Amino acid sequence: MKLWQGRFDSPIAADADAFNESLSFDKKLYKADITASLAHSEMLSRCGVISQEDKTLIHGGLKEILSEIESGALVIEGQEDIHSFVENELVKRIGDAGKRLHTARSRNDQVATDFRLYTRESAKEIIKLLKNLIRTLITIAEKNVSHIMPGYTHLRKAQPINCAQYFNAYSEMFMRDAERFADALKRIDVMPLGSGALAGTSYPINREITRELLGFKNMSQNSLDAVSDRDFVAEYLFACSLVMAHLSRLCEDTILYSTSEFGFIEMPDAYSTGSSIMPQKKNPDICELVRGKTGRVYGHLTAILTTIKGVPLAYNKDFQEDKEGLFDAEKTVKDSLAVYTAMLQAITLNVKRMEKAAAEDFTCATDVADYLAVRGVPFRTAHGVVGKIVRYCLEKGKTLESMSLEEYKAHSPVFDADILKTVKAKNSADSRNSVGGSSKKSARAGIRSLKARLAKLPE
Ligand code: ARG
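Residues numbered from 1 in each chain as written. Predicted model: local features only at pLDDT ≥ 70, side-chain atom pairs only at ≥ 80, totals over all residues. Heavy atoms only, no water.

### Side note on the overall build of the protein
Right, on to step 1. When its secondary structure is counted, the protein shows 20 helices and six strands.
Right, on to step 2. For 459 residues, the compact-globule estimate of 2.2 N^0.38 gives 23 Å, and the protein exceeds it by more than 25% at 30 Å.
Right, on to step 3. Considering only contacts in the protein between residues 6 or more positions apart, those separated by 24 or more positions represent 75%.
Right, on to step 4. On the protein, roughly 22100 Å² of surface is accessible, and the fraction owed to carbon and sulfur atoms is 54%.
Right, on to step 5. One finds the centroid of the 63 positive side-chain charges in the protein at a distance of 7 Å from the centroid of its 61 negative side-chain charges. (Helix = DSSP H or I, 4+ residues; strand = E, 2+ residues; numbered from the N terminus. Rg over C-alpha atoms; globule rule 2.2 N^0.38 Å. Contact = heavy atoms within 4.5 Å. Areas by Shrake-Rupley, 256 points an atom, 1.4 Å probe, with all protein chains shown as cover. Lys, Arg positive; Asp, Glu negative; His and termini not counted. Charge placed at Lys NZ, Arg CZ, Asp CG, Glu CD.)

### Quick notes on the packing of aromatic side chains
Right, on to step 1. Scanning the model with the defined rule gives 16 aromatic pairs in all.
Right, on to step 2. Ring centres 5.6 Å apart and planes at 25° place the aromatic pair Y371 and F415 in the stacked group. Placement of Y371 in helix α15 (residues 365–374) and of F415 in the loop between α17 (405–411) and α18 (419–422) is noted, with a sequence separation of 44 residues between them. Here Y371 and F415 have matching classes, each one buried.
Right, on to step 3. Members of the aromatic cluster, each reached through a chain of ring pairs, are Y152, Y166, F167, Y170, Y257, F262 and F264.
Right, on to step 4. A cation over an aromatic ring shows up here: R7 above the ring of F8, its NZ or CZ 5.6 Å from the ring centre.
Right, on to step 5. Against the face of Y371 rests R375, its NZ or CZ located 3.6 Å from the ring centre. (Phe/Tyr/Trp six-rings, centres within 6.5 Å; stacked < 30°, edge-to-face > 60°. Buried < 20%, exposed > 50% of the residue type's maximum accessible area, 1.4 Å probe, protein only. Lys NZ or Arg CZ within 6 Å of the ring centre and 35° of its normal.)

### Brief notes about the packing of helix α3 (residues 30–46) against helix α9 (residues 207–214)
Right, on to step 1. It is the contact of α3 with α9, at a shortest axis distance of 9 Å, that shows an interaxial angle of 145°. Handedness of the α3/α9 crossing: right-handed. Taken together, the residues of α9 that come into contact with α3 (itself represented by T35, A36, A39, H40, E42, M43 and R46) are I209, T210, L213 and L214.
Right, on to step 2. A class-by-class count of the residues in the contact of α3 with α9 yields six nonpolar, three polar and two charged. (Axes fitted to C-alpha atoms, helices over the stretch in contact; angles between N-to-C directions. Left-handed = near helix turned anticlockwise from the far one by under 90°. Nonpolar A, V, L, I, M, F, W, Y, C, P; charged D, E, K, R; others polar.)

### Examining the packing of helix α7 (residues 107–143) against helix α8 (residues 163–188)
Right, on to step 1. Between α7 and α8, the shortest axis-to-axis distance is 9 Å and the interhelical angle comes to 165°. By the angle between their directions, the pair α7 and α8 is classed as roughly antiparallel. Our pair here, α7 against α8, has a crossing hand that is left-handed.
Right, on to step 2. Classifying every residue of the contact of α7 with α8 gives 20 nonpolar, three polar and five charged. (Parallel < 35°, antiparallel > 145°, perpendicular 65-115°, else oblique.)

### Notes on the pattern of salt bridges
Here the idea is simple: oppositely charged side chains can pair when their charged atoms come close.
Right, on to step 1. Summed over all chains, the structure comprises 38 salt bridges.
Right, on to step 2. In this structure, the salt-bridge partner of E89 is R93, at a minimum N-O distance of 3.1 Å. With E89 and R93 both in helix α5 (residues 82–94) and four residues apart, this pair spans about one turn of that helix.
Right, on to step 3. For R93, a relative accessible area of 27% gives the class partly exposed.
Right, on to step 4. The residue E266 makes a salt bridge to K282 at a minimum N-O spacing of 2.8 Å. Of the two residues, E266 is situated in strand β5 (residues 265–266) and K282 in the loop between β5 and α12 (285–309); the sequence distance between them amounts to 16 residues.
Right, on to step 5. Look at E266 and you get partly exposed, because its relative accessible area is 45%.
Right, on to step 6. Through salt bridges that share partners, E64, E68, E89, K92 and R93 make up one connected network. (Salt bridge = Lys/Arg side-chain N within 4 Å of Asp/Glu carboxyl O.)

### What to know about the site of the ligand
Right, on to step 1. The ligand sits among S22, D26, D81, H83, R107, N108, V111, Y315, Q320 and K323.
Right, on to step 2. Here an oxygen atom of the ligand and a side-chain polar atom of K323 are 2.5 Å apart.
Right, on to step 3. Burial of the ligand by the surrounding chains reaches 86%, relative to a free accessible area of 340 Å².
Right, on to step 4. For the shell around the ligand, the element with the highest residue contribution is α7, accounting for three residues.
Right, on to step 5. A class-by-class count of the residues in the shell around the ligand yields two nonpolar, four polar and four charged. (Near = heavy atom within 4 Å. Polar contact = N/O pair within 3.5 Å; in protein donor to acceptor, adjacent residues only side chain to side chain.)

As structure tokens, then:
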């Protein structure tokens, strides 16, 4: 029997029923649904809308249902959605008192409440996973603050950078992601219950009691909006999308840096896979999968934005489509963060190789131009002189480090003996002392700043 069967002569057709149902996926909301019903009935009894006795029966029944679901004794099936399932189950157990639970409530404000409770928990869990990843990145940065590596633009070696600065760059991205979830929480943490189907209710309810019982920070201020607002789903999915974008970039770097061509990273065996035909292969499937899964999370964001856009006020069944995408994005983001973090903890860096690579391919050319510019040569002219030096080196098979002082002087009289120190990759990285720059000092300051922001994130 449907909750709404009274008005109908005949039951819903089997195919329509199958198409209409949401229980197969919204059963994930069972705990949120029961939590919200406990609060709602508590409020109803405090306001005198239902009796104390009914409330006691309702609470007993709901708690029993919750523990049976959790023990596996009660299987969630056979109803249109989780709200119908819990209510039917309650009525089966306690009769008329159970039928009073839905007073001053609609499934429209109920589902909005349940889904916000669920999304709030989920956002907090993702923040936790992001914090773990940032902590792991910081640990690696701290270990490698005395090492350098090549920095790239256009995937060509550009300038030597501090290793810690590299890892800090990703920490900055994931820090913004965690802060974005924390900010989205302000708008997720709003209670719609008490909005009824769309227009509120004439029962003497007290929404403040329910808000407090459910630990919501705020209460919705317009019942039409409250039952049809799915902005929080879109925001959550956008925050998920950026996490995946950042993870995907990190995975791409991990894949590249672990190739024999780069050789900066040794992937742990435990997080690599082999080939069924090529015995020598060690493949970075985990990274590739994270990169690949980014697409489906973007897809869910596009889907919810598209679902929302043409829906007239207030609730429409279109909104039932808000859940599966969020559940899938949640699983994808959580799994990706967890597995990448675990893998990162087991990765080894080939510091020798990184430091050697940092010094190759004229990465200190900018430092040579800066050397001249600081000594009065206009930067554009200095740039030209160094361009010629690079060509000279290429012709003679030399590097900036193997050039003698005489050879430098032949290109410009401004050069002095200290140029030979300037072209050392470590000195180059360490000379860029600007805030956020590639020096050891700047990288250490970067770590301090990250730690301070980490402490400000929600628990
Ligand atoms: N399963 C529905 C959803 O997820 C619950 C709300 C149903 N409301 C209604 N008026 N049919 O949106």
